[in-house]
Amino acid sequence: MPHPPHQSVQAAAVQSLQARPAAVPKPRVAAREEEDGPWHTEAVCRRDEAGLFFAPSKEPTAARLAREEAAKRVCARCPVMVACREHALLQPEPYGVWGGLTAAERRVVLGRRRRRAAELLPGAAGPVAAAG
């Protein structure tokens, strides 16, 4: 069964951070293998360390930004970046850099998608209709 790209990396990080087990969250696994697809095996991040994609506890802001940029550079050369991003948005993955987006960036994308979907719903009253 294919694993999410960060799963094996997370396991290594958990072992190395046993003094701080809360620093690396447990990976979420889809209910069905078909939902994730075979893209995991092609993920470039499978060869990188989890510390690059997941923040240690109490990480200083400057260090976090530098780490996230380094993770995004890895994502930028990944052939399955879009599939990884969609996985993280559909799960939704609450932590780490997935598909070149941080958790905060993914929340923004999800918010935009929700607003767009609400606007496209038939019969949904927009701000003009509600005011008038």
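In this report, the structure presented in the accompanying data block is examined. (Residues numbered from 1 in each chain as written. Predicted model: local features only at pLDDT ≥ 70, side-chain atom pairs only at ≥ 80, totals over all residues. Heavy atoms only, no water.)

1. Some thoughts on unusual backbone geometry
Excluding glycine, residues mostly carry a negative phi; peptide bonds, for their part, are mostly trans. Cut-off, in case you're wondering: Under the scheme used here, helices are H or I runs from DSSP no shorter than 4 residues and strands are E runs no shorter than 2 residues, and both carry numbers assigned from the N terminus.
The linkage connecting Gln 91 with the following residue, Pro 92, adopts the cis geometry, with an omega of -20 degrees. Of note, Pro 92 is situated in the loop between α5 (81-90) and α6 (103-120). Not every positive phi belongs to a glycine, and Lys 58 is a case in point at roughly 55 degrees. Residue position: Lys 58 is located in the loop between α3 (50-53) and α4 (61-76).

2. Points about the environment of Glu 68
The line we're drawing: By definition, residues are in contact when any of their heavy atoms lie within 4.5 Å.
Position of Glu 68 among the secondary structure elements: in helix α4. Considering only alpha carbons, one finds Glu 68 and Gly 96, 28 residues apart in sequence, at a separation of 8.5 Å. Here Glu 68 is in contact with Val 97 and Thr 102, once residues within four sequence places are set aside.

3. Digging into the side chain of Thr 102
With respect to the secondary-structure elements, Thr 102 resides in the loop between α5 and α6. With sequence-adjacent residues up to four places away left out, Thr 102 is seen in contact with Glu 68, Lys 72, Gly 96 and Val 97.

4. As for the packing of α5 against α6
Selection criterion: Only the stretch in contact is used when a helix axis is fitted, and all axes are lines through C-alpha atoms; the angle between N-to-C directions ranges over 0 to 180 degrees. Angles are sorted into four bins: roughly parallel if under 35 degrees, roughly antiparallel if over 145, roughly perpendicular if 65 to 115, and oblique for all others. Only Asp, Glu, Lys and Arg are considered charged, only Ala, Val, Leu, Ile, Met, Phe, Trp, Tyr, Cys and Pro nonpolar, and every remaining residue, Gly among them, polar.
Two elements in contact, α5 and α6, have axes separated by 10 Å at closest approach and are oriented at 75 degrees. Viewed along their axes, α5 and α6 adopt a mutual orientation that is roughly perpendicular. Residue-level contacts link Glu 86, Ala 88 and Leu 89 of α5 to Arg 106, Val 109, Leu 110 and Arg 113 of α6. Its residues assigned to classes, the contact of α5 with α6 comprises four nonpolar, no polar and three charged.

5. Digging into the nonpolar core
Heads up, the condition is: In this description, a nonpolar core means a group of buried Ala, Val, Leu, Ile, Met, Phe, Trp, Tyr and Cys residues linked to one another through side-chain atoms lying within 4.5 Å. Relative accessibility under 20% of the residue-type maximum defines a buried residue, over 50% an exposed one, and the middle range a partly exposed one, all with a 1.4 Å probe and only protein chains included.
Counting residues in each nonpolar core, the largest one holds 18 residues, and the members touching the most others are Leu 52 and Phe 53. Residue assignment for this core shows that the elements contributing at least two residues are α3, α4 and α5. No other element matches α4, which puts four residues into this core.

6. Notes on the side chain of Lys 72
The condition is simple: Side-chain atoms alone can form a polar contact between residues adjacent in sequence; in general such a contact is a pair of N or O atoms within 3.5 Å, and within protein one must be able to donate a hydrogen while the other accepts it.
Mapping Lys 72 onto the fold places it in helix α4. In terms of polar contacts, Lys 72 uses its side chain to reach the side chain of Glu 105, at 2.7 Å. Not counting residues up to four positions away in its chain, the partners in contact with Lys 72 are Val 97, Gly 100, Thr 102 and Glu 105.

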